[in-house]
Amino acid sequence: EENLDFILISGDLFDTSLPNIDVIRRAAATLRRVHDAGISVYAVPGSHDFSPTGRTFINVFEDSGLLVNVAKAEEVDGKLRLRFTVDEKTGTKITGMMGRMGALEARYFMHLDRGIEDEDGFKIFTFHSGIEEYKPSHLKDMTAIPLSSLPKGFDYYAGGHVHIVDDKQIEGYGRIAYPGPLFPNSFAELEKLERGGFFIVEDENVKWEPIQIYNVERFELNCNHLTPEEIKNSI
């Protein structure tokens, strides 16, 4: 409906590296609809859909022509040199870093070849990590990477992993955006966010688009001095 040029998935398309076959079929069917509409999909594996052995269904979908895994790199002189994927429709140059459990991707950032900072053109960096300096208070104990780990000079940083809705323009970097989950994954997130969503980005404009899969009703109940049966009846 929005006539998008392309879609970015910043990791955790699935919540496990071995998703249920019915979930895979639904995802493949949806990606096929997007593909047939002429919309490209670019993704990086996240901490949930990337296994310790390196297997991910992101690569299966890439082999099927349904999306492109932009977390591609090669080792050159002990450094990790990321490769750009160029979107044919817009000329946008996209690259990114995969996520690992426990923020183990931090060591990849430590050995990153910073030559990509000098690449010209409109550039997007897709990543699946929290940023230490911008963690919300309720996630203060979460393992994250420092802002300095990110390569500088990109126009847009598509962040995943952290289930917050936030975007900010940071000097020396560009716009760093976290659209939050497509659907909350806990009661705490249901209470805080009520729904999932994603960003639609056009030029300098960033619009959060909510996805109302289920209606959520919040209410508070004082359970002091009540038995479990009384609480149940009150609810």
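In the block above lies the structure referred to throughout.
Criteria and cut-off values
The numbers attached to residues start from 1 for each chain and follow its sequence in the written order. A pLDDT threshold of at least 70 governs which residues receive local features in this predicted model, and a stricter bar of 80 or more applies before side-chain atom pairs are shown or counted, although totals over entire chains, interfaces and linings include all residues. Hydrogens and waters are ignored; side-chain quantities use all the structure's heavy atoms. In this analysis the probe radius is 1.4 Å and the grid spacing 1 Å, with only protein atoms considered; a cavity is a set of points the probe fits into but cannot get out of, a pocket is an open set with protein on both sides within 12 Å along at least five of seven lines, and lining residues have an atom within 4 Å of a point. Grid points are joined across faces, edges and corners, and a volume is the space filled by probe spheres set on the points. In DSSP terms, a helix is any run of H or I states spanning at least four residues, a strand is any run of E spanning at least two, and both are numbered starting from the N terminus. In this classification, Asp, Glu, Lys and Arg are treated as charged, Ala, Val, Leu, Ile, Met, Phe, Trp, Tyr, Cys and Pro as nonpolar, and every other residue, Gly included, as polar. Only heavy atoms matter for contacts: two residues are in contact if any of them lie within 4.5 Å across the pair. Note on classification: 1.4 Å probe, protein chains only; a residue is buried when its accessible area is under 20% of the maximum for its type, exposed when over 50%, partly exposed between these limits. Two N or O atoms count as a polar contact when they lie within 3.5 Å, although within protein this holds only if one can serve as hydrogen donor and the other as acceptor, and sequence-adjacent residues are included solely when both atoms are side-chain atoms. Salt bridge, as used here: a side-chain nitrogen of Lys or Arg that lies within 4 Å of a carboxyl oxygen of Asp or Glu. By this definition, two strands are paired if DSSP reports at least two bridges between them. Handedness rule for crossovers: strands pointing away from the viewer, path from the first strand over the helix to the second running clockwise, crossover right-handed.

Engineer: So, empty space enclosed by the protein: which residues are in play, and what are the values?
Structural biologist: A complete count under the given rule lists 2 cavities of 30 Å³ or more for this structure. There is about 50 Å³ of room inside the largest cavity. Contributing to the lining of the second largest cavity are Ile 131, Tyr 134, Asp 166, Lys 168, Ile 176 and Tyr 178. Counting only elements with at least two residues in the lining of the second largest cavity, the list comes to strand S10 (165-170) and strand S11 (174-179). Counted by class, the lining of the second largest cavity contains 4 nonpolar, no polar and 2 charged residues.

Engineer: So, the environment of Met 98: which residues are in play, and what are the values?
Structural biologist: Positionally, Met 98 belongs in the loop between strand S7 (93-97) and helix H3 (106-110). Residues Met 98 and Gly 180, spaced 82 residues apart in sequence, show a C-alpha to C-alpha distance of 17 Å. Dropping the residues within four chain positions of it, Met 98 is found in contact with Val 44, Pro 45, Phe 50, Ala 71, Glu 105 and Tyr 108.

Engineer: Pulling in residues and values, what's your account of the side chain of Lys 135?
Structural biologist: Structurally, Lys 135 can be placed in the loop between strand S8 (123-127) and strand S9 (156-159). The exposure class assigned to Lys 135 is buried, which follows from its relative accessible area of 18%. Separated by 3.1 Å, the side chains of Lys 135 and Glu 132 make a polar contact.

Engineer: So, the side chain of Thr 126: which residues are in play, and what are the values?
Structural biologist: Note on placement: Thr 126 falls in strand S8. Those residues in contact with Thr 126 that sit more than four places away from it in its chain are Leu 8, Ile 9, Ser 10, Val 44, Ile 94, Thr 95, Gly 96, Met 97 and Ala 158.

Engineer: Go over the pattern of salt bridges with me, naming the residues and quoting the values.
Structural biologist: Using the criterion set out here, one finds 14 salt bridges in the structure. A salt bridge links Glu 132 to Lys 135; its shortest N-O distance comes to 3.1 Å. The shortest N-O distance in the salt bridge between Arg 195 and Glu 194 comes to 3.6 Å. Owing to a relative accessible area of 25%, Arg 195 belongs among the partly exposed residues under this scheme. Several salt bridges converge on common partners, so that one network encompasses Glu 2, Lys 207 and Glu 209.

Engineer: Just give me the short version of the layout of surface pockets, but keep the residues and values in it.
Structural biologist: Approximately 190 Å³ is the volume attributed to the second largest pocket. In terms of lining, the second largest pocket is formed by Phe 187, Leu 190, Glu 191, Val 216, Glu 217, Arg 218, Phe 219 and Glu 220. Class assignment of the residues belonging to the lining of the second largest pocket gives a composition of 4 nonpolar, no polar and 4 charged.

Engineer: Can you lay out the pairing of strand S2 (residues 40-43) for me, pointing to particular residues and giving the numbers?
Structural biologist: With 4 bridges connecting them, strand S1 (residues 6-9) and S2 associate as parallel partners. Residue pairing in the sheet places Phe 6 in a bridge with Ser 40 of S2. Chirality of the crossover, the property in question, places the unit of S1, helix H1 (residues 21-36) and S2 among those that are right-handed. Here 2 bridges tie S2 to strand S3 (residues 68-69), and the two strands are oriented parallel to one another. Opposite Ala 43, over in S3, you have Asn 69 as the bridge partner.

Keep in mind these values describe shape, not function.
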